[in-house]
Amino acid sequence: MATDYIYIALFLLAAILFVVTTLLIPVTLRFLKIIPHNPTPVKGSPFECGVETIGKTWVQFNLRYYLYALVFLIIDVLVVFLYPWAVNIRHLGLTGLIEMLILLTIVTVGYIYAWKKGALEWK
Amino acid sequence: MNLQLFIPELTLAIFAIAVILLDLFVQRKGVLAGVSVAGLVISAGFTLTMWGSEPQTIFNNMLAVDSFALFFKLLFTGIAILVILASVDYASKLTNLQGEYYALVLLSVLGMMLMAAATELISIYVALGLTSLSLCALVGFLKDSKSSEAALKYFLLSAMVSAVLLFGMALVFGVTGETQLSKIAQVIQAMPLTNITDNPALVLGVVLLIVGFGFKIAAVPFHMWVPDVYEGAPTPITAYLSVGSKAAGFAVILRIFSSAFGLPEWLSLNWGMLFAVLAAISMTLGNVVALPQTNIKRMLGYSSIAQAGYLMVGLATVGILPTADVLGQSAILFFLASYTVTNLGAFIAIIAISNKTNSDLIQDFSGMIRRAPGLALALTLCLVSLIGMPPAAGFMAKFYIFSAGVHSGLLWLVIIAVLNSVISAYYYLRVVKVMWFGEPTSTEKVFSSGALRFSLFITSIGVLLLGILPGLVMKLTEAASKMLAFLP
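Predicted model only: the values in this text are computed from it and were never measured.

### Describing the overall build of chain A
- When its secondary structure is counted, chain A shows four helices and zero strands.
- When the helices and strands of chain A are read in sequence order from the N terminus, they spell out α-α-α-α.
- Against the globule reference of 14 Å for 123 residues, chain A gives a C-alpha radius of gyration of 28 Å, more extended than a compact globule.
- Taking the principal axes of the C-alpha coordinates as reference, chain A spans close to 75 × 60 × 25 Å.

Structure (structure tokens):
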């Protein structure tokens, strides 16, 4: 019984060893003067697809996008549910249709709610 | 499948959606509270018609419709009706968010009903998620810094705890290969084990389940969220959390631990003892830390931790006396019913008073007997009941649960519990003393609305009724507890 847990201990040991070794390799190579240390501004600049970066990374987005994203997400998930239902519609029959209508009603109530509360207006 | 048995839940879901829609198109927001209460009453009515019928399961054995679930459904709808009546004044201040408030209360009741009825690990988890999410939104409803902090704390901690719970469920599933509680019980009983340490994965699973539900019932050491959340949340929601969420947690614990882990003694004796130790720690810490509190909501928060400790004496009894009879289960249900009316009454009185004084500090309740005699009298009755003095409901509840403890040989735990009751008398009676003998801070009378007075009247009657004529409810709790032995 307890011997089974030795495998977990071995896995743990291997994981720790792997992390420590990979972290130590560059340090050792630097220590042995195999890697040269010669930083320049070009080397230190962020590299993204080879194109020079414009502006800062911390760009602010309008909060409105967040509401749109939420509404979109709900409709998106609804579509994910609709596809498998549509594929199996013959098999699921009337019960499946009624169940899907209930789901659609609930999502529609949510949509009306978002509309009425002004989530879709760009102010 | 018989959809008729699912009508109480369906009613609540339909009414929750209707309240949201109504809120969009109706100008007079007072209607919303009425519609919500109507939905709860209809749901409770449907539940009542099912009482006494044969226990059944629906949705492929995912939910049980038995007296145990029905008892809790009635309890939850009752709680929600009182909470909504107590919120009417409060919610009228929230000009454009009233529909959401009532709809979220209805949805959380729906989640709690499903929690009490669920007989399968996955459906328990889904029901728990529905309850927790609606409660998180309700806790943060005031949108001031304290309320937001409370909501964030509650959300982050309950998200983490639900991960722990899910891990526990995964381990139990891994060991037994089943998610159905009755089938888990069969697999465990067939195991050729004599000692719990022979299967460490099962032990870890059971312990993690206790951690997950210990958070819901606010047991020490999973109680860290209680004082901050109780202080920051809108007061009606604090009342709701302290009784509803706790009762739902106990319902799930009772269901899981008596049906899935109830029988082989090598398992039940161990979790029984674990609950006994948790009970002792919860009572002592809750009562001792409640002593120096100056904010009455924080004080009642720590008091609710202590009450969870008393309730866990019953759980320990269930574990240690699994086969004898349903003494422990029945005592827990009775204690929950009495704690519900008592704590709700106390909170409704506090809402009525602090609506006018705009303060939750105990010193501001000074001389309240002269400014609002009815409210002070009702609050005194509820605090006396929380101590456990006759003729209030708390006395019968404690008597019942402690005698169950003695019956199962947990004399040491009952002695600790009685000592704790004595400690608790100090801080409850301090509020009573301030209200009766303190100098009033102003001569202005404190008036309260009809809805508040009505709900306070109902809870006070409930406290007295359960204290003087406990037999009626005890019959119900015994009938409900017997159903736990029923396995689909």
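Having seen the structure, we can now continue with the description.
### Some words on the overall build of chain B
- Within chain B, the secondary structure is distributed over 19 helices and two strands.
- By the compact-globule yardstick of 23 Å for 488 residues, chain B fits well, its C-alpha radius of gyration being 21 Å.
- In terms of overall dimensions, chain B has a C-alpha envelope of 75 × 55 × 40 Å along the principal axes.
- Expressed as a percentage of its 488 residues, the buried residues of chain B come to 58%.
- A separation threshold of at least 6 residues defines the contact pool for chain B, and within that pool the share at least 24 residues apart is 80%.

### Digging into the nonpolar core
- Ranked by internal contacts, the top residues of the largest apolar core, which has 187 residues, are L106, M115, V313, F335 and A349 of chain B.
- Per-element accounting of this core gives the leading share, 19 residues, to helix α13 (residues 327–357) of chain B.

### Remarks on the interface of chain B and chain A
- If you look at the interface, chain B gives five residues, while chain A gives six residues.
- When its residues are assigned to classes, the side of chain B that touches chain A shows four nonpolar, no polar and one charged.

### A look at helix α1 (residues 7–25) of chain B
- In a regular helix each residue adds 1.5 Å, so 19 residues correspond to 27 Å; α1 of chain B covers 27 Å between its end C-alpha atoms and thus fits that length.
- Here α1 of chain B has its buried residues at P8, E9, T11, L12, F15, A16, V19, I20 and D23 of chain B.
- Considering only its buried residues, α1 of chain B is in contact with α4 (89–116) of chain A together with α2 (30–50), α3 (67–91) and α4 (98–117) of chain B.

### As for the environment of L152 of chain B
- Mapped onto the secondary structure, L152 of chain B falls in helix α6 (residues 145–176).
- Along the backbone, L152 of chain B and P200 of chain B are 48 residues apart, and their C-alpha atoms lie at a distance of 35 Å.

### Details of the domain arrangement of chain A
- Domain parsing of chain A yields domain 1 (4–44) and domain 2 (64–116).
- When each unit is reduced to the centre of its C-alpha atoms, the spacing between domain 1 of chain A and domain 2 of chain A is 49 Å.

### Some thoughts on the environment of V432 of chain B
- Locating V432 of chain B in the fold gives a position in helix α17 (residues 411–437).
- When near neighbours in sequence (up to four residues on either side) are disregarded, V432 of chain B contacts T380 and L383 of chain B.

### Quick look at unusual backbone geometry
Residue and element names in this part refer to chain B.
- Following V220, the chain continues to P221 via a peptide bond in cis, the omega torsion being 5°.
- Secondary-structure assignment places P221 in the loop between α8 (200–216) and α9 (226–232).
- Geometrically, the link from P390 to P391 is a cis peptide bond, its omega value of 5° lying close to zero.
- Checked against the element boundaries, P391 lands in the loop between α15 (373–387) and α16 (393–407).
- Residue N60 is not a glycine yet carries a positive backbone phi of 50°.

### Thoughts on the packing of helix α12 (residues 296–320) of chain B against α13 of chain B
Residues and elements named next belong to chain B.
- With their axes 8 Å apart at the nearest point, α12 and α13 run at an angle of 170° to one another. Classed by the angle they form, the pair α12 and α13 counts as roughly antiparallel. Judged by residue contacts, I296, L300, S304, Q307, Y310, L311, G314, L315, T317 and V318 of α12 engage L327, G328, Q329, A331, I332, F335, Y339, N343, A346 and I350 from α13.
- When its residues are assigned to classes, the contact of α12 with α13 shows 13 nonpolar, seven polar and no charged.

### Remarks on the packing of helix α5 (residues 121–139) of chain B against helix α10 (residues 235–260) of chain B
Residue and element names in this part refer to chain B.
- It is the contact of α5 with α10, at a shortest axis distance of 11 Å, that shows an interaxial angle of 170°. By the angle class used here, α5 and α10 are roughly antiparallel. Contact residues: α5 offers I124, T131, L135, L138 and V139, while α10 offers I237, L241, S245, A248 and V252.
- When the residues that make up the contact of α5 with α10 are grouped by side-chain class, the tally is eight nonpolar, two polar and no charged.

### What about the environment of A392 of chain B?
- Within the secondary structure, A392 of chain B sits in the loop between α15 and α16.
- What makes A392 of chain B buried here is the crowd of 27 C-beta atoms within 10 Å.

### Description of the confidence of the model for chain A
- Looking at chain A as a whole, its pLDDT mean stands at 86, while 98% of the residues score no less than 70.
- Looking at the elements of chain A, mean pLDDT is at its lowest for helix α2 (residues 41–44) of chain A, recorded as 80, and at its highest for helix α1 (residues 4–31) of chain A, recorded as 91.

Criteria and thresholds
- Residues numbered from 1 in each chain as written.
- Chains lettered and ligands numbered in written order.
- Predicted model: local features only at pLDDT ≥ 70, side-chain atom pairs only at ≥ 80, totals over all residues.
- Helix = DSSP H or I, 4+ residues; strand = E, 2+ residues; numbered from the N terminus.
- Rg over C-alpha atoms; globule rule 2.2 N^0.38 Å.
- Buried ≥ 20, exposed ≤ 12 C-beta atoms within 10 Å, placed from the backbone.
- Contact = placed C-beta atoms within 7 Å.
- Core = buried A, V, L, I, M, F, W, Y, C linked by C-beta atoms within 7 Å.
- Nonpolar A, V, L, I, M, F, W, Y, C, P; charged D, E, K, R; others polar.
- Expected span 1.5 Å × (residues − 1).
- Domains from an automatic or database assignment.
- Axes fitted to C-alpha atoms, helices over the stretch in contact; angles between N-to-C directions.
- Parallel < 35°, antiparallel > 145°, perpendicular 65-115°, else oblique.
- pLDDT = per-residue confidence, 0-100.

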